[in-house]
Amino acid sequence: MKIILLGPPGSGKGTQAKRLEARHGLVQISTGEILREAVAAESSLGKTIKNTMAVGELISDDLVLEVLKERLAAPDCKHGVVFDGFPRTIAQAEALDEIVFEGEGAVDAVINLEIDDSILISRIQQRVNDAVYGEARSDDTVEVLKNRLLAYYEWTAPIIPFYEERGLLWRVDGMSQVHQVTDAIESIVAQIERN
Ligand code: AMP
């Protein structure tokens, strides 16, 4: 099974991806996580993308597709994957259609976690406050998170109609309690499995 979780930063994609991983043996593929690891390892990719990541802008499609293809080639992905933070542009979505699942079938479902701006901004503020006291992700600042939100609206939100036209889009209320979001996603997975 291949599932894409869509939604703005702060919508809970990472949490729900981990639950899908635990319950269904899907492998969570977080391009953000892979890219952060490259930055931490100070690889040549890491050095190239460090500044772009630090300000909350998107990494070029070519670079992201390269790391994604490499990750998908690993044997653990054969059991199924849940994409968290990918695709983030129409070009990435088109590339996913063409290159990634050659001979293995297409994406089964794209689940959009819907959430109002006002709630997002307060969640983001909360994350920034938490970061001040706890272990922070270096891109957890108000300024950077605003950039991430702008990038989401400019580049990622247009993916929603892209998948809707293909009949793959499912909408989930991302503002309900975390366990309710999980239940809604579980019922989508059950419907896909029945088909
Ligand atoms: P995330 O952990 O998904 O919030 O991603 C953190 C950062 O990694 C983003 O702000 C981007 O700079 C970069 N990034 C992650 N995934 C992608 C992607 N699919 N396309 C472009 N940039 C990405």
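Things to note about the environment of Val 110
Positionally, Val 110 belongs in strand S4 (residues 109-114). Linking Val 110 and Ser 60, residues 50 residues apart in sequence, is a C-alpha distance of 22 Å. Once residues lying within four places of it in the same chain are set aside, the contact partners of Val 110 are Ile 4, Leu 6, Tyr 163, Leu 168, Leu 169 and Trp 170.

With respect to the nonpolar core
Side chains of a nonpolar character, in soluble globular proteins, are inclined to be buried together. Residues Ile 4, Ile 29, Phe 83, Leu 96, Val 110 and Tyr 163 are the most contacted members of the largest nonpolar core, which totals 30 residues. For this core, the elements supplying multiple residues, two or more each, are strand S1 (2-6), strand S2 (27-30), helix H3 (44-54), helix H4 (61-72), strand S3 (81-84), helix H5 (90-100) and helix H8 (159-165). Take this core: its biggest share by element is 5 residues, from H4. With near-sequence residues (within four places) excluded, Tyr 163 lies in contact with Ile 4, Pro 87, Ala 93, Leu 96, Val 110, Leu 168 and Leu 169.

So, the site of the ligand
For the ligand, the set of nearby residues contains 15 residues, the closest of which are Thr 31, Arg 36, Glu 57, Arg 88 and Gln 92. Glu 57 places a polar main-chain atom, nitrogen or oxygen, 2.6 Å from an oxygen atom of the ligand. A distance of 3.0 Å separates an oxygen atom of the ligand from a polar side-chain atom of Arg 148. Alone, the ligand offers 480 Å² of accessible surface; in the complex the protein occludes 95% of this. Ranked by the residues each element gives to the shell around the ligand, the list is headed by helix H2 (residues 31-41), at 4 residues. For the shell around the ligand, the residue count by class is 6 nonpolar, 4 polar and 5 charged.

Here's the deal with the packing of aromatic side chains
Applying the stated rule across the entire model yields 3 aromatic pairs. Measuring from centroid to centroid gives 5.9 Å for Phe 83 and Phe 86, while their planes differ by 45 degrees, and the two rings are tilted. Seen in terms of ring centroids, Tyr 152 and Tyr 153 are 5.1 Å apart; in terms of plane orientation they differ by 75 degrees. Their pairing is edge-to-face. Tyr 153 sits in the partly exposed class, given a relative accessible area of 38%.

Thoughts on helix H9 (residues 178-194)
Taking 1.5 Å of rise per residue, the 17 residues of H9 would be expected to cover 24 Å, and the 25 Å separating its terminal C-alpha atoms lies within 8% of that figure. Regarding H9, the residues found buried are Val 181, Thr 182, Ile 185, Glu 186, Ile 188, Val 189 and Ile 192. Along H9, the residues classed as buried sweep out an arc of 160 degrees about the axis, all on the same side. In this structure, the buried residues of H9 make contact with S1, helix H1 (13-24), S4 and strand S5 (169-173).

Topic: the side chain of Thr 156
Relative to the elements of secondary structure, Thr 156 occurs in helix H7 (residues 142-156). Judged by its relative accessible area of 5%, Thr 156 is buried. There is a polar contact of 2.8 Å between the side chain of Thr 156 and the backbone oxygen of Arg 88. For Thr 156, the residues in contact, after removing those within four places along its chain, are Leu 6, Pro 87, Arg 88 and Ala 151.

Rules used throughout
- Residues numbered from 1 in each chain as written.
- Predicted model: local features only at pLDDT ≥ 70, side-chain atom pairs only at ≥ 80, totals over all residues.
- Heavy atoms only, no water.
- Helix = DSSP H or I, 4+ residues; strand = E, 2+ residues; numbered from the N terminus.
- Contact = heavy atoms within 4.5 Å.
- Core = buried A, V, L, I, M, F, W, Y, C linked by side-chain atoms within 4.5 Å.
- Buried < 20%, exposed > 50% of the residue type's maximum accessible area, 1.4 Å probe, protein only.
- Near = heavy atom within 4 Å.
- Polar contact = N/O pair within 3.5 Å; in protein donor to acceptor, adjacent residues only side chain to side chain.
- Areas by Shrake-Rupley, 256 points an atom, 1.4 Å probe, with all protein chains shown as cover.
- Nonpolar A, V, L, I, M, F, W, Y, C, P; charged D, E, K, R; others polar.
- Phe/Tyr/Trp six-rings, centres within 6.5 Å; stacked < 30°, edge-to-face > 60°.
- Expected span 1.5 Å × (residues − 1).
- Arc of directions from axis to C-beta.

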